[in-house]
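Observations on the model geometry
Spelled out from the first residue to the last, the chains are:
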Amino acid sequence: MQTKHFGLCAALSAAALLLLAGCAGSGSTAAPTLTVESSYPLQYAKQFTVDECTGGYELITIADSQYLVVPQGAAVPEDLPQGTTVLQQPIENIYLVSTSAMDPIISLGALDSIALSGTKADGWYLPEAKAAMQAGQIAYAGKYSAPDYETILASGCGLAIENTMIYHTPEVKEQLEKFGIPVLVERSSYETDPLARMEWVKLYGILLGKKREAEQLFDTQVQRVAPLENQQPTGKTVAFFSITSNNLVTVRKGSDYVARMIEMAGGSYVFDDLTDSGNNLATINLSLEDFYAGAKDADVLLYNSTIEGSIASTEQLVEKWAAAYELDPLLVYAFIRTESGFDPQATSSVDARGLMQMTEETFYWMRSKIARDEQLTFADLYDPETAIRFGCYYLHLCMVRYKGDVSTAAAAYHSGWGTVDQLLQIEEHSADGETLQGFPYNQMHHYVNKITACYQTYQRLYAGQ
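Residues numbered from 1 in each chain as written. Predicted model: local features only at pLDDT ≥ 70, side-chain atom pairs only at ≥ 80, totals over all residues. Heavy atoms only, no water.

**Points about the packing of aromatic side chains**
For the record, the criterion: Stacked, tilted and edge-to-face pairs are distinguished by plane angle, under 30 degrees for stacked and over 60 for edge-to-face with tilted covering the rest, among Phe, Tyr and Trp rings (Trp via its six-membered ring) whose centres lie within 6.5 Å. Buried residues are those whose accessible area, probed at 1.4 Å on protein chains only, stays under 20% of the maximum for their type, while exposed residues exceed 50% and partly exposed ones sit between those limits. Secondary structure is summarised from DSSP: a helix means a run of H or I of at least four residues, a strand means a run of E of at least two, and numbering begins at the N terminus for each. A positively charged side chain is recorded as over a ring if its NZ (Lys) or CZ (Arg) lies within 6 Å of the ring centre. The angle to the ring normal must also be within 35 degrees.
Evaluated as defined, the whole model comprises 21 aromatic pairs. With 6.1 Å between their ring centres and 75° between their planes, Tyr269 and Phe271 make a pair best called edge-to-face. The burial state of Tyr269 is the same as that of Phe271; both residues are buried. When the ring of Tyr394 is compared with that of Tyr413, the centres are 5.1 Å apart and the planes differ by 40°; the resulting orientation is tilted. With Tyr394 in helix H14 (residues 384-401) and Tyr413 in helix H15 (residues 406-415), this residue pair connects regions lying 19 residues apart in the sequence. Residue Tyr394 shares its accessibility class with Tyr413, and that shared class is buried. One aromatic cluster in this structure is built from Phe335, Trp365, Tyr394, Tyr413, Trp417 and Tyr447. The ring of Tyr257 has Arg197 sitting right over it, with the charged end atom 3.7 Å from the ring centre.

Below you can see the structure in the form of structure tokens.
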């Protein structure tokens, strides 16, 4: 999937840092005490906070993780909260996996802080990023699930900036941290306001020693859109959409940042009434008929062609839906191979259908969550995109429910949540009550072994690709 250049006024991402274990100031000066002076003012962003501390230290919180930015040459305080990652400036040789971080870093004039990319040169729309990779200034170091550790270590990498997909390969995060490389998981995509996404540039400014530049960049962009906030609605209606390979129309929900940008520009988003539906996704798929009914009178049609593009193979479908539901594509391949042997017409003895072998009951449950308004039937599972889309979403739910543990999620995919939840209550099968260490049923045991073995084989064969 190619990366899109939204510019500074579009989605901006989260941060970057350098771990310096035990590298406090030299000499006999006692380590300082961390004292919070004030909260750094943020106008829109909700997914991170910054506490400004005495001595120029800044404590960043993103979700449940904290990072202390230590000024160059300063000592590390001794009373840090447990689990705090220390980031000593200057921050250099970043391994950038989360593509949304590139644009704000370029805008700050800090491209030279990035040494490694998780995206190949031909995957970038940003000309500066592509040119830097083609010139050898930034090296490809493997995607998030299969990093090239040798290249990363040889570069003196001080930081890995990831997106939330890293939570599905926790062993990668753990390995990077064992090598002394801090991992920051950016969450700008969880912001629902476009100005909130943009405000993440301030976080990069703090980390890269360009705080004032970041504030000026952000203020300039806010001033550019300020006149829009005060203007009267134009009365124009707008539809923003793309077409999938199986003739469904993907539109943004009314709570999404795209709908908010249309509103800021004076327009009225025609699908503003589409809500979350309980699945936390930013988009929803409509049938062509339903889309036509909602958009036929729209004054402006915006077709998002760079998102969907042209899907021509199972590989592209897996990449598309694995990314949409934050899964490792190699794990999806392991399930497809185990379930159907890549036969789109596969049908089991219990009438589970398609590439990822879904039963009728599960299909209609998934449809109620992600395709409520689509006229899909159980037979549509023989369509590769429907099968992969629904299978990926169900696997995503299993991975989230069972804390990203592949074996437990596989057991749940095969035998159901109820069966796994019962086994988790038995100490013989689960030491922590959250993941299974034992699989007492023969079919479950055999299935989990096949999934994990296949997944490991794909990881060995395709690491770094």
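**Here's the deal with the packing of helix H12 (residues 329-340) against helix H17 (residues 442-462)**
Helix packing for two helices is described by the angle between their axes and how far apart those axes are. For clarity, the threshold we go by: Axes here mean lines fitted to C-alpha atoms, for a helix over just the part in contact, with angles spanning 0 to 180 degrees between N-to-C directions. Orientation labels follow simple angle bins: below 35 degrees gives roughly parallel, above 145 gives roughly antiparallel, 65 to 115 gives roughly perpendicular, and whatever is left gives oblique. We call a crossing left-handed when the near helix sits turned anticlockwise from the far one by less than a right angle, and right-handed when that turn is clockwise. Residue contacts are counted whenever heavy atoms from the two residues lie within 4.5 Å of one another. For this classification, the nonpolar set comprises Ala, Val, Leu, Ile, Met, Phe, Trp, Tyr, Cys and Pro, the charged set comprises Asp, Glu, Lys and Arg, and every other residue, Gly included, is treated as polar.
Where H12 contacts H17, the two axes come as close as 8 Å, and the packing angle between them is 130°. By the angle between their directions, the pair H12 and H17 is classed as oblique. Relative to H17, H12 is oriented so that their crossing is right-handed. Contacts from Leu330, Leu331, Tyr333, Ala334, Phe335, Arg337, Thr338 and Glu339 in H12 reach Tyr447, Lys450, Ile451, Cys454, Tyr455, Tyr458, Gln459 and Tyr462 in H17. Within the contact of H12 with H17, the residues separate by chemical class into 11 nonpolar, 2 polar and 3 charged.

**Some remarks on the sheet that holds strand E9 (residues 159-162)**
Inclusion rule: Note on pairing: two strands pair once DSSP finds at least 2 bridges between them.
The strand order across the open sheet formed by 5 strands is E8-E7-E6-E9-E10, and the pairing between neighbours is parallel. Both outer strands of the open sheet, strand E8 (139-140) and strand E10 (183-185), are each paired with one neighbouring strand and no more. One ladder, built from 3 bridges, connects strand E6 (residues 94-96) with strand E7 (residues 114-117); its direction is parallel. Note that in E7 the partner of Ile94 across the bridge is Ile114. Most of the contacts of helix H4 (residues 170-178) go to E10, to which it runs at about 140°, and overall it touches E9 and E10.

**Looking at the side chain of Gln88**
Cut-off, in case you're wondering: Under this definition, polar contacts are N or O atom pairs within 3.5 Å; protein pairs additionally need one hydrogen-donor-capable and one acceptor-capable atom, and for neighbouring residues in sequence, both atoms have to be side-chain atoms.
If you trace the backbone, Gln88 turns up in strand E5 (residues 85-88). When its relative accessible area of 5% is taken as the criterion, Gln88 is described as buried. Within the local environment of Gln88, its side chain forms a polar contact with the backbone oxygen of Pro71, the two atoms lying 3.1 Å apart. A polar contact of 3.1 Å, which involves the side chain of Gln88, links it to the backbone oxygen of Ala74.

**Description of the nonpolar core**
Heads up, the condition is: Only buried residues count toward a nonpolar core, which is a set of Ala, Val, Leu, Ile, Met, Phe, Trp, Tyr and Cys residues joined through side-chain atoms within 4.5 Å.
Among the nonpolar cores identified, the biggest contains 53 residues, and Leu327, Val332, Phe335, Ile388, Phe390 and Tyr413 are the most heavily contacted of them. Secondary structure elements with two or more residues in this core: helix H11 (314-324), H12, helix H13 (360-370), H14, H15, helix H16 (417-424) and H17. Counting residues in each nonpolar core, the second largest holds 42 residues, with Ala45, Met133, Met198 and Phe218 among its members.

**Description of the side chain of Thr452**
Mapped onto the fold, Thr452 is located in helix H17. A polar atom in the side chain of Thr452 sits 3.2 Å from the backbone oxygen of Asn449. Setting aside residues up to four positions removed in sequence, Thr452 forms contacts with Val406 and Ser407.

**What to know about the pairing of strand E14 (residues 283-287)**
Looking down a regular strand, the side chains alternate between one sheet face and the other. Of all 5 residues in E14, 4 are buried; the element is thus mostly enclosed. Sheet analysis places strand E12 (residues 248-252) next to E14, joined by 5 bridges and oriented antiparallel. For Thr250, the partnering residue across the bridge sits in E14 and is Asn285.

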